[in-house]
Amino acid sequence: MKRFGLIGHPLGHTLSPWIHRQLFSLMDCQASYDALDIPPEQLPSRRQELLSLDGFNVTIPHKQAIIPYLKGLNRRASLYGAVNTVCDGVGYNTDCLGFLQALAGGGISLSGKVAVLGAGGASRVFAMEAALAGCMVTIASRASSVEKARALALEVQEKVPGSQVSACDLDELKGPFDVLINGTPVGMFPHGDACPVSDTVIHGCGAVFDAIYNPTDTLLLRKAKAAGVKAVGGMPMLVWQAAKAQEIWLGTSFDSKDVDALVPQATEELMRTFGRHE
């Protein structure tokens, strides 16, 4: 039996094992998938254990810390400087693929003027992909981390020559934008009453993507829908990045209809396991 897993700390409750088991079932693959809570100080001593697996996923805080222990990185993981999937000792990043698939499935075109909220790992992926798509990108972060946003903007400009990327304080963000992408945890359970931007900004958007998947319908998404703005949550991205990881591990491909059908099932599993947080 093949063995896979997820490393992170603290992991707490995670849907990843459930999602991967459903995906293995679709492929008729006999495999196990376990959540491995590994504190940062234990990562070096667990290297051999991890590399003995047939593959594993990586989440906070190891997405960058794992890199020195790998044989190499694929192009996208190298571009982002972050890994979420490891196969045969090589680091990949399928967050970007899940993100793009989620947008496409929701009928959102990554084009025009794009606002990326936050300057962390997820926002790094979003900003890079928007720049690669030729968008005019604004990275907005709260005052305490606006310098981090400016540094990210410069990095994107260096890695994507000719890209138009700027940064600003979140409170100074002004539209209109074709797409607004939330890469911050604002609005995540148990703080579902929070929204990262004002109603004015939301009303000036053509579409909104929120990477948060718990709750499945954040305040940002509810406000966008009420304003008639196209809105997509993070569950499709979570499911698709897992599917793309398995395609790397197993050397196969999923029928998109099967993966899309798993998204509402994952939402129901979230509600059953962690309570109805909508």
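Above this note sits the structure.
So, here is what we can say about the structure in this document. (Residues numbered from 1 in each chain as written. Predicted model: local features only at pLDDT ≥ 70, side-chain atom pairs only at ≥ 80, totals over all residues. Heavy atoms only, no water.)

## Notes on the overall build of the protein chain
Applicable threshold: Every helix listed is a DSSP run of H or I at least four residues long, and every strand listed is a run of E at least two residues long, numbered separately from the N terminus. Think of it in three bands: with a 1.4 Å probe and only protein chains considered, a residue is buried below 20% of the maximum accessible area for its type, exposed above 50%, and partly exposed in between. Note that accessible areas follow from Shrake-Rupley with a 1.4 Å probe, and for residues the cover is restricted to the protein chains shown.
A count of helices and strands for the protein chain gives 10 helices and 12 strands. A total of 278 residues make up the protein chain; the buried ones form 51% of that total. About 12,400 Å² of surface is accessible on the protein chain, with carbon and sulfur atoms providing 50% of the total.

## A word on the packing of aromatic side chains
Operational definition: Two rings from Phe, Tyr or Trp (for Trp, the six-membered ring) form a pair when their centres are within 6.5 Å of each other. A pair whose planes differ by under 30 degrees is stacked, one over 60 is edge-to-face, and the rest are tilted. Here, over-ring charges are defined by two tests on the NZ atom of lysine or the CZ atom of arginine: distance to the ring centre within 6 Å, and angle to the ring normal within 35 degrees.
Enumeration over the complete set of coordinates arrives at 6 aromatic pairs. Here the aromatic rings of Tyr 33 and Trp 249 are separated by 6.4 Å at their centres, their planes lie at 40°, and the arrangement is tilted. Taken together, the positions of Tyr 33 in strand 2 (residues 31–37) and Trp 249 in helix 9 (residues 235–250) put the pair 216 residues apart, joining distant regions of the chain. Both residues of the pair, Tyr 33 and Trp 249, count as buried. Every member of this aromatic cluster is reached through a ring pair, and the members are Phe 4, Phe 24, Tyr 33 and Trp 249. Across the ring face of Phe 177, the terminal group of Lys 113 is positioned such that the distance to the ring centre comes to 5.7 Å.

## Here's the deal with unusual backbone geometry
At the junction of His 9 and Pro 10, the peptide bond is cis and its omega measures out at -10° in the coordinates. Note on placement: Pro 10 falls in the loop between strand 1 (2–8) and helix 1 (16–26). Phi angles above zero are rare outside glycine, and Asp 28 is one such case at about 55°. Here Asp 28 is to be found in the loop between helix 1 and strand 2. Residue classification places Asp 28 among the exposed positions, given a relative accessible area of 66%. Non-glycine residue Asp 88 carries a positive phi angle of around 55°. Tracing the chain through its elements places Asp 88 in the loop between strand 5 (85–87) and strand 6 (90–92). Assessed through its relative accessible area of 60%, Asp 88 is described here as exposed.

## A word on the nonpolar core
Put simply, the rule is: Take the buried residues of types Ala, Val, Leu, Ile, Met, Phe, Trp, Tyr and Cys, join any two whose side-chain atoms come within 4.5 Å, and each joined set is a nonpolar core. Here, residues are in contact when the closest pair of their heavy atoms is within 4.5 Å.
Ile 181 and Phe 209 are the most contacted members of the largest nonpolar core, which totals 33 residues. For this core, the secondary-structure elements that each account for two or more residues are helix 3 (75–80), helix 4 (95–105), strand 7 (113–117), helix 5 (121–132), strand 8 (136–141), helix 6 (146–159), strand 10 (179–182) and strand 11 (207–210). The biggest single contributor to this core is helix 5, with 6 residues. Excluding its chain neighbours within four sequence positions, the residues that come into contact with Phe 209 are Phe 99, Ala 102, Leu 103, Phe 126, Leu 180, Ile 181, Asn 182, Val 232, Gly 233, Gly 234 and Met 237. Formed by 18 residues, the second largest nonpolar core is a distinct cluster that contains Leu 170, Leu 173, Leu 180 and Leu 221.

## A closer look at the sheet that holds strand 8
As a reminder of what qualifies: The rule for pairing is simple: two strands pair if DSSP sees at least two bridges between them. A fitted line through C-alpha atoms represents every axis, and for helices the fit uses only the stretch in contact; the resulting angles, taken between N-to-C directions, go from 0 to 180 degrees.
Sheet architecture is open: 6 strands sit in the order 9-8-7-10-11-12, paired in parallel fashion. Lying at the two open borders of the sheet, with one neighbouring strand each, are strand 9 (164–169) and strand 12 (230–232). Averaged over all pairs of adjacent strands, the angle between strand axes in this sheet comes to 15°, irrespective of strand direction. Pairing analysis gives 5 bridges linking strand 7 to strand 8, with the strands arranged parallel. Residue pairing across strands places Lys 113 opposite Met 136, the latter belonging to strand 8. Across the sheet, helix 5 is in contact with strand 7, strand 8, strand 9, strand 10 and strand 11; its angle to strand 7 comes to roughly 170°.

All quantities given are derived from atomic positions and should not be read as evidence of function.
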